[in-house]
Amino acid sequence: MLNVWRRDVPLSERLGEDSVLAAAPGPPPTAAPTGPNMSWLPEAPLLSTDQPIFLMTPAAQAVSGFFVWTALILTCHQIYMHLRFYSSPREQRHIVRILFIVPIYAFDSWLSLLFFTNDQYYVYFDTVRDCYEAFVIYNFLSLCYEYLGGESAIMAEIRGKPIESSCMYGTCCLRGKAYSIGFLRFCKQATLQFCVVKPLMAAVTVILQAYGKYKDGDFNVAGGYLYVTIVYNVSVSLSLYALFLFYFSTKELLSPYSPMLKFLMVKSVIFLSFWQGMLLAILEKCGAIPQINSVEVSVGEGTVAAGYQNFIICIEMFFAALALRHAFTYKVYMDKSLDSQGRCAPMKSISSSLKETMNPGDMVQDAIHNFSPAYQQYTQQSTLEQGAPTPVSRAHSAVGGRGDTEKTLLLSSDDEF
């Protein structure tokens, strides 16, 4: 009868002390890694530095670097052109913020790939990426608001209309209800909560990583990955549901702006990276992703899976840069920004516009407006006026990058929240 050989039994005990194979010299067996990076089911294969995986080779760094820097050049040029023809600040402010997702995602993933052999660096790099993706979701919804003329203009179009029941858009439970100010409040609140939850979960991840309680792909109840993933899924699903509801209610009004292309691009960049990570985590649990253990380098299979995801993101950002270049073109703003002599904005004005786009003050003001009980019965209406503003009750004023005054009025609504 054949003997079953166990992996934890030395070769000399399997063959006997007098066996030629047992006495043959050779390298000592590789010890299984211990600690927070050890997979719990099933055991992952081991690789030594003599058998490097593709992510450790110069070819992987060169290929990813080519796609990353090409994406950076394409996107930075597009951002520059938007700032050069900065004729609609309320719209282009959000467009520039959305476009910055390509440089942040691409460069962050490339840095994580360069420091791949360090088991913890990628967690800190990805924290920046995670915080910015929530900011992008908010800005995309705000851009749709600006396309339609603001909150008050949207309410003037949809107020009182019955909500169509649709299982595809998740409105089957809203049968018999009508659009009101509460509907817009929910859409904004659902996206703003993600802007809070995502950075908070990123900070929790860093803390857990520092104490050895977090490992990518480890669904053990004693670790933090399972709970962070659950909270993130609930938050991101609520945010995505709010965007679907808003698109469902305003798709006819947004049709001149090609909303579907913009919506698919933003969602694919953000949510595709998350589901890629989940798929790689499943592959890790199936033992398809190896871990690296040697005297010089020790990398857990969770870090290897994160490395593969970063490599894929580096390549994806090149195609995202091409698609976003078409979805958020600057050419529609060119004629509006030229002066009487056909000249565009000077470099000083471009730097002022960039500074204005990076100011998160409008998001803070929007959060106060949507969550404060004192403003629940008011809708916002933004105007851009030349010169000094005239005093208006319940108004918030901000000076634009070219001397214009952006004024936000709060108009009373008769709808019940």
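**Student:** Got a sec to walk through the packing of helix H4 (residues 89–99) against helix H6 (residues 121–147)? Specific residues and values, please.
**Tutor:** For any two helices packed against each other, one specifies the crossing angle of their axes together with the interaxial distance. Where H4 contacts H6, the two axes come as close as 9 Å, and the packing angle between them is 155 degrees. Viewed along their axes, H4 and H6 adopt a mutual orientation that is roughly antiparallel. Remark: the crossing between H4 and H6 carries left-handed chirality. Side by side, H4 and H6 meet where Arg 90, Glu 91, His 94, Ile 95, Arg 97 and Ile 98 of the first sit next to Tyr 132, Phe 135, Val 136, Asn 139, Phe 140, Ser 142, Leu 143, Glu 146 and Tyr 147 of the second. For the contact of H4 with H6, the class distribution of residues is eight nonpolar, three polar and four charged.

**Student:** Before we move on, could you go through a nonpolar patch on the surface and cite the residues and values that matter?
**Tutor:** A cluster of nonpolar side chains, Leu 114, Phe 115, Tyr 121 and Tyr 124, forms an exposed patch at the surface whose accessible area comes to about 340 Å². With respect to the helices and strands, Leu 114 occurs in helix H5 (residues 101–114).

**Student:** Tell me about the packing of helix H8 (residues 181–210) against helix H9 (residues 225–254), residues and numbers included.
**Tutor:** Axis separation between H8 and H9 bottoms out at 9 Å; the angle between their running directions is 155 degrees. Classified by the interaxial angle, the pair formed by H8 and H9 is roughly antiparallel. Like other packed secondary-structure pairs, H8 and H9 cross with a definite hand, here left-handed. Its residues assigned to classes, the contact of H8 with H9 shows 20 nonpolar, six polar and one charged.

**Student:** So what about the confidence of the model for the chain? Which residues, and what values?
**Tutor:** Confidence along the chain averages 74 in pLDDT terms, with 70% of residues attaining 70 or more. The secondary-structure element of the chain with the lowest mean pLDDT is strand E5 (residues 395–399), recorded at 42, while helix H3 (residues 58–84) shows the highest, at 92. pLDDT under 50 marks residues 30–42. Its contacts with residues more than four places away, or in other chains, come to 28 contacts.

**Student:** Provide a residue-level description of the pattern of salt bridges, including the pertinent values.
**Tutor:** Counted under the stated rule, the structure contains seven salt bridges. Asp 362 is paired through a salt bridge with Arg 97; the nearest N and O atoms lie 2.9 Å apart. Remark: Arg 97 occurs in helix H4 and Asp 362 occurs in helix H14 (residues 361–371); sequence separation between them is 265 residues. Among the salt bridges present, the one from Lys 198 reaches Glu 133, with a minimum N-O distance of 3.5 Å. Here Lys 198, found in helix H8, pairs with Glu 133, found in helix H6; they are 65 residues apart in sequence, far enough to count as distant. Taken as a pair, Lys 198 and Glu 133 share a single burial class, namely buried. Three or more residues are tied together by salt bridges with common partners; here these are Arg 93, Arg 97, Glu 356 and Asp 362.

**Student:** Hey, could you go over H5 for me, with residue numbers and the actual values?
**Tutor:** The end-to-end C-alpha distance of H5, which contains 14 residues, comes to 20 Å, matching closely the 20 Å that a straight helix rising 1.5 Å per residue would cover. The element H5 is extensively covered by neighbouring structure, given that ten of its 14 residues are classed as buried. All of the buried residues along H5 are Ile 101, Val 102, Pro 103, Tyr 105, Ala 106, Asp 108, Ser 109, Trp 110, Ser 112 and Leu 113. Where H5 is buried, its residues meet H3, H4, H6, helix H10 (259–285) and helix H11 (301–327).

**Student:** Account for helix H7 (residues 151–158), with residues named and values stated.
**Tutor:** Along H7, the residues that are buried comprise Glu 151, Ser 152, Ile 154, Met 155 and Ile 158. On an axial view of H7, the arc spanned by its buried residues comes to 160 degrees, and they lie on one face. The first or second residue beyond H7 is Gly 160, which carries a positive phi of 85 degrees.

Reading the values: rules and limits
Residues numbered from 1 in each chain as written. Predicted model: local features only at pLDDT ≥ 70, side-chain atom pairs only at ≥ 80, totals over all residues. Heavy atoms only, no water. Axes fitted to C-alpha atoms, helices over the stretch in contact; angles between N-to-C directions. Helix = DSSP H or I, 4+ residues; strand = E, 2+ residues; numbered from the N terminus. Parallel < 35°, antiparallel > 145°, perpendicular 65-115°, else oblique. Left-handed = near helix turned anticlockwise from the far one by under 90°. Contact = heavy atoms within 4.5 Å. Nonpolar A, V, L, I, M, F, W, Y, C, P; charged D, E, K, R; others polar. Patch = residues over 30% accessible without salt bridge, like charges linked within 9 Å, V, L, I, M, F, W, Y side chains within 5 Å. Areas by Shrake-Rupley, 256 points an atom, 1.4 Å probe, with all protein chains shown as cover. Salt bridge = Lys/Arg side-chain N within 4 Å of Asp/Glu carboxyl O. pLDDT = per-residue confidence, 0-100. Buried < 20%, exposed > 50% of the residue type's maximum accessible area, 1.4 Å probe, protein only. Expected span 1.5 Å × (residues − 1). Arc of directions from axis to C-beta.

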